[in-house]
Amino acid sequence: MPQLPDLNHLSHAEKDALIRALWAQVQSLTARVAALEARLGEPSKSPDNSSLPPSKGQKPNKPENARRVGPRPGSLGRKGGGRPLACDPDETVTAKPVACAYCKAVLTDADQVLHGRYDKIDLPVVRPMVTRVERYAGHCACCGGVTLAAIPAGLEDGSPFSVHMWR
């Protein structure tokens with residue numbers, strides 16, 4: 001019933017039917033409101049009290065962080081941290097300026113101090129080591145027999161990968 005009909009044109013019986021229909025709707029809505037209000041007092045579903053997975057759980061409320069001013073703590077200008085230098089590098093490259101970048105005056109070793117050092121680490125290219133096995137058969141001129149060469153140990157026929165592959 002989208003709109004209330006004009007009550008002046010309804011008979012007494014039609015008005016009674018309308019009142020009964022509206023009364024039934026009020027009772028239904030009152031029961032629904034009561035059920036919803038009862039659910040408001042219940043704890044919400046969580047992984048602790050229902051079959052919800054842990055990923056659906058409520059995240060703890062975190063306090064809002066104030067806006068940071070300046071660099072992040074423990075980053076810019078911080079001493080220490082990072083990877084320690086290697087004890088025995090394979091190669092050491094020393095970079096010293098030859099002349100002043102501003103006035104082009106020559107700089108001697110006495111004019112220079114160590115500003116910083118770091119390790120540049122390059123991993124070698126990994127390449128498989130392939131060993132081709134060529135097995136010969138010898139034909140005897142005396143008896144006509146065929147003799148196969150013995151297979152070297154560790155290079156038996158079968159899987160192309162050696163036992164060193166699984167270490």
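This structure is a prediction, so every number in the text was calculated from the model and none was measured.

Chemist: Would you mind showing me how to read the overall build of the chain here?
Modeler: Counting its secondary structure elements, the chain contains one helix and two strands. Secondary structure of the chain in N-to-C order comes out as α-β-β. The buried share among the 167 residues of the chain stands at 2%. Long-range contacts, defined here as pairs at least 24 residues apart, represent 15% of the contacts in the chain between residues at least 6 apart. When the accessible surface of the chain is totalled, it reaches about 17200 Å², and 57% of it is carbon and sulfur.

Chemist: I keep staring at unusual backbone geometry and nothing clicks. Help me out?
Modeler: Leaving glycine aside, a negative phi is the common case for residues, and trans is the common case for peptide bonds. At Lys104, a residue that is not glycine, the phi angle is positive and equals roughly 70°. Along the chain, the position of Lys104 falls in the loop between helix 1 (12-41) and strand 1 (137-139). Judged by its relative accessible area of 60%, Lys104 falls in the exposed class.

Chemist: Even after reading the chapter, I still don't get the state of the cysteines, so can you show me in this structure?
Modeler: Each disulfide is one covalent bond, formed between the sulfur atoms of two cysteines. Taken as a whole and judged by the stated rule, the model has zero disulfides. For the unlinked cysteine Cys103, the closest cysteine sulfur is that of Cys100, found at 3.8 Å. For Cys103, a relative accessible area of 53% gives the class exposed. Considering cysteine sulfurs only, Cys143 is the nearest to Cys140, which forms no disulfide, with 3.6 Å between them. Given the relative accessible area of 31%, Cys140 is considered partly exposed.

Chemist: Help me out: how do you make sense of a nonpolar patch on the surface in this one?
Modeler: On the surface, Leu4, Leu7 and Leu22 cluster together to form a nonpolar patch covering roughly 250 Å² of accessible area. Inspection of the secondary structure assignment puts Leu7 in the segment before helix 1. What makes Leu7 partly exposed here is its relative accessible area of 37%.

Chemist: How should I be thinking about the pattern of salt bridges in this particular structure?
Modeler: Opposite charge on two side chains permits them to pair, given that their charged atoms come into close proximity. Considering all chains together, one arrives at one salt bridge under this definition. Linking Asp109 and Lys96 is a salt bridge whose minimum nitrogen-to-oxygen distance equals 3.4 Å. On the criterion of sequence distance, the pair formed by Asp109 in the loop between helix 1 and strand 1 and Lys96 in the loop between helix 1 and strand 1 is long-range, its members being 13 residues apart. Overall, Asp109 belongs to the exposed group, its relative accessible area being 55%.

Chemist: Help me understand the side chain of Gln112, please; the structure alone is not making it clear to me.
Modeler: By the element assignment, Gln112 lies in the loop between helix 1 and strand 1. Judged by relative accessible area, which is 18%, Gln112 ranks as buried. Discounting residues that sit within four places of it in the chain, Gln112 has contacts with Lys96, Pro97 and Leu107.

Chemist: When you look at the environment of Thr147 in this model, what are you seeing that I'm missing?
Modeler: Inspection of the secondary structure assignment puts Thr147 in strand 2 (residues 146-148). With 11 residues separating them along the chain, Thr147 and Tyr136 place their C-alpha atoms 8.5 Å apart. Among residues more than four places away in sequence, those in contact with Thr147 are Tyr136, Ala137 and Gly138.

Quick notes on the rules
Residues numbered from 1 in each chain as written. Predicted model: local features only at pLDDT ≥ 70, side-chain atom pairs only at ≥ 80, totals over all residues. Heavy atoms only, no water. Helix = DSSP H or I, 4+ residues; strand = E, 2+ residues; numbered from the N terminus. Buried < 20%, exposed > 50% of the residue type's maximum accessible area, 1.4 Å probe, protein only. Contact = heavy atoms within 4.5 Å. Areas by Shrake-Rupley, 256 points an atom, 1.4 Å probe, with all protein chains shown as cover. Disulfide = S-S within 2.5 Å. Patch = residues over 30% accessible without salt bridge, like charges linked within 9 Å, V, L, I, M, F, W, Y side chains within 5 Å. Salt bridge = Lys/Arg side-chain N within 4 Å of Asp/Glu carboxyl O.

Keep in mind that these numbers describe shape and distance, not what the molecule does.
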